[in-house]
Amino acid sequence: IDNKYVIKGPVLAQALPEFCEAFDILEIKSKRSFIYETCYFDDDAQSSYLHHQQGRRNRVKVRMRRYAGTDLCFVEVKLKDTRGATIKKRLPCSPAIYGRLDGKSMDFVRESYEGHYGKPFDYELSPSAQVRYRRMTLVAKTGGERMTVDSELEFDDGKTSCAISPGIHILETKSSCGNGLADRILRGLHQ
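For the structure given in this document, a descriptive report is provided here. Predicted model only: the values in this text are computed from it and were never measured.

Details of the pattern of salt bridges
- Using the criterion set out here, one finds 10 salt bridges in the structure.
- For Asp150, the salt bridge goes to Arg135, with nearest N and O atoms at 2.7 Å. In this pair, Asp150 sits in strand E8 (residues 146-156) while Arg135 sits in strand E7 (residues 126-140), placing the two residues 15 residues apart along the sequence. No difference in accessibility class separates Asp150 from Arg135, as the two residues are buried.

Concerning unusual backbone geometry
- The backbone phi angle of Ser30 is positive, close to 65 degrees, even though this residue is not glycine.
- Mapped onto the elements, Ser30 comes out in the loop between strand E2 (23-25) and strand E3 (34-42).
- Assessed through its relative accessible area of 67%, Ser30 is described here as exposed.
- If you check the backbone angles, His190 has positive phi at about 65 degrees while not being a glycine.
- In this structure, His190 sits in the segment after helix H4 (181-188).

Remarks on the pairing of strand E10 (residues 168-174)
- Summarising burial for E10: five of the seven residues are buried, a large majority.
- Both E8 and E10 contribute to a ladder of five bridges, which runs antiparallel. By the bridge assignment, Met147 is partnered in E10 with Thr173.

Some points on empty space enclosed by the protein
- On inspection of all chains with the given rule, the structure shows one cavity of 30 Å³ or more.
- Here the largest cavity is characterised by a volume of approximately 80 Å³.
- Mapped by element, the contributors of at least two residues to the lining of the largest cavity are E3, helix H2 (47-54) and strand E4 (60-67).
- For the lining of the largest cavity, the per-class residue count stands at six nonpolar, four polar and three charged.

Some points on the packing of aromatic side chains
- Taken as a whole and judged by the stated rule, the model has eight aromatic pairs.
- Centroid distance Phe19 to Phe23: 6.0 Å. Interplanar angle 90 degrees. Geometry classified as edge-to-face.
- Ring plane angle 70 degrees and centroid distance 4.8 Å describe the contact between Tyr36 and Tyr67, whose orientation is recorded as edge-to-face. Taken together, the residues span a long stretch of sequence, with Tyr36 in strand E3 and Tyr67 in strand E4 at a distance of 31 residues.
- The buried category is assigned to Tyr36, whose relative accessible area is 11%.
- Classification of Tyr67 by relative accessible area gives buried; the value is 16%.

Side note on the environment of Cys93
- Take Cys93: it is sitting in the loop between strand E6 (86-92) and helix H3 (103-117).
- Sequence separation of Cys93 and Phe74 is 19 residues, and the distance between their C-alpha atoms is 5.3 Å.
- Contact partners of Cys93, with chain neighbours within four places excluded, come to Met64, Cys73, Phe74 and Val75.

The rules behind the values
Residues numbered from 1 in each chain as written. Predicted model: local features only at pLDDT ≥ 70, side-chain atom pairs only at ≥ 80, totals over all residues. Heavy atoms only, no water. Salt bridge = Lys/Arg side-chain N within 4 Å of Asp/Glu carboxyl O. Helix = DSSP H or I, 4+ residues; strand = E, 2+ residues; numbered from the N terminus. Buried < 20%, exposed > 50% of the residue type's maximum accessible area, 1.4 Å probe, protein only. Pairing = 2+ DSSP bridges. 1 Å grid on protein atoms, 1.4 Å probe; cavity = no way out; pocket = protein on both sides within 12 Å on 5 of 7 lines; lining within 4 Å. Points joined across faces, edges and corners; volume = space filled by probe spheres on them. Nonpolar A, V, L, I, M, F, W, Y, C, P; charged D, E, K, R; others polar. Phe/Tyr/Trp six-rings, centres within 6.5 Å; stacked < 30°, edge-to-face > 60°. Contact = heavy atoms within 4.5 Å.

Here is the structure:
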């Protein structure tokens, strides 16, 4: 279960001592934060977006995520199961095709959707939004809880772009019960 929090820098600073005590930070090649670039795909009617907002059970989210500074790029398809849990399927792809779905990528999207829902994928997809941000990942020293801290968010839909103030962070906690240690720390700070 994931919980998302939008917090300002001072609140994060207040939570840091407890976070440091309970979590380790993911470090790869001496780096602790990483740039993520994500391109979302939708049809002209914005069906994916609208189905998500309406809470439909049979819905799909298609995105391509590139990890800047690496050779990693994936096409990702998110679907819902009968209990409402998210199923994520990923296909590695070349960073050179970032932002467009080639034939192999579209085949993967169709097969994922049709295999899960048992009906054809009838959507013509094109890029609908791009998001770029810096992410740190924290992992609990005990148990399987994780938390991501996103900052420097930038959005672009092809017509308009905007950036979020650098003092604002999006925290997403990921725990089996939705009431993990990070959630309790943040609630203690009235978040």
